[in-house]
Amino acid sequence: DTAQSSGVYGNALAASILHLKRVPLMPVRIKELLVRTLDRAQLTGDYLIVPVPLSKKRLIERGFNQSSLLGKVLSAHTGWKFDEHSLIRTGDTPMHRAAMDRFAREATVKKAFSVVRPGLIKGKDILLVDDLFTSGATASNCSRRSCRARKSRNSSHVATKPKTTAPKLSQGALWQAAELHGKG
């Protein structure tokens, strides 16, 4: 299992991600960055692209899931199927704050996800997509839930990571950061 990032959360990229949480429009440059990062990852096989789900409450507030928008860009580029219905967030979790450490983040998302259509992901390689990778708690918990429904590879693709040293995902995942300027 691996995690890929398209860049460090800061400056223009941070502004774009924050804007994407309010307005469902993605700049061409962000799309290109996502695609370039995925291409560099050289994933082989036929992945099922699954966005990190929002709670029903947050989805109603926003009207869209920004991770779904990111996933649809990657699906259009690769031709891989996109599934935003098999993995759900079972309840509304508090928004993560910068002051929260890894353990607090883990506690807020523990048991927050469920696979409701296991037959559709059974045996599939999953590309989990999110807008921000901070501690790895969300990606790890989504991965754990989807692993129970299938026996295959899991990879995470996020738009941004924090400026601090990147933490490792649980379950032995490897962090591979791809910076905005193309160095990985």
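Model, not experiment: these values are computed from the prediction.

K.L.:
For the environment of serine 68, give the residues involved together with the corresponding values.
P.N.:
Within the fold, serine 68 resides in helix H4 (residues 66–78). Residue serine 68 is classed as buried on the basis of its relative accessible area, which comes to 4%. It is 6.9 Å that separates the C-alpha atoms of serine 68 and glutamate 84, two residues lying 16 residues apart in sequence. Among all residues touching serine 68, those that are not within four sequence positions of it are Pro51, Phe82 and Glu84.

K.L.:
Describe the layout of surface pockets, with residues and values.
P.N.:
Reported here for the second largest pocket is a volume of approximately 320 Å³. Residue lining of the second largest pocket: 17 residues in total, with Pro53, Leu54, Leu59, Glu84 and Ile88 positioned closest to the centre. For the lining of the second largest pocket, the secondary structure elements donating two or more residues are helix H3 (56–62), H4 and strand E3 (87–89). Residues that form the lining of the second largest pocket fall into these classes: 8 nonpolar, 5 polar and 4 charged.

K.L.:
Give me the lowdown on the side chain of aspartate 131, citing residues and values where you can.
P.N.:
With respect to the helices and strands, aspartate 131 occurs in strand E5 (residues 125–132). Looking at aspartate 131, its side chain comes within polar contact range of the side chain of lysine 21, at 2.6 Å. Within the local environment of aspartate 131, its side chain forms a polar contact with the side chain of glutamine 66, the two groups lying 3.1 Å apart.

K.L.:
Can you explain the pairing of E5? Please cite residues and give values.
P.N.:
Buried residues dominate E5, accounting for 7 of its 8 residues. In this sheet, E5 lies alongside strand E2 (residues 47–51) in parallel orientation, the contact comprising 5 bridges. What sits directly across from tyrosine 47, in E5, is aspartate 125.

Cut-offs and rules
Residues numbered from 1 in each chain as written. Predicted model: local features only at pLDDT ≥ 70, side-chain atom pairs only at ≥ 80, totals over all residues. Heavy atoms only, no water. Helix = DSSP H or I, 4+ residues; strand = E, 2+ residues; numbered from the N terminus. Buried < 20%, exposed > 50% of the residue type's maximum accessible area, 1.4 Å probe, protein only. Contact = heavy atoms within 4.5 Å. 1 Å grid on protein atoms, 1.4 Å probe; cavity = no way out; pocket = protein on both sides within 12 Å on 5 of 7 lines; lining within 4 Å. Points joined across faces, edges and corners; volume = space filled by probe spheres on them. Nonpolar A, V, L, I, M, F, W, Y, C, P; charged D, E, K, R; others polar. Polar contact = N/O pair within 3.5 Å; in protein donor to acceptor, adjacent residues only side chain to side chain. Pairing = 2+ DSSP bridges.

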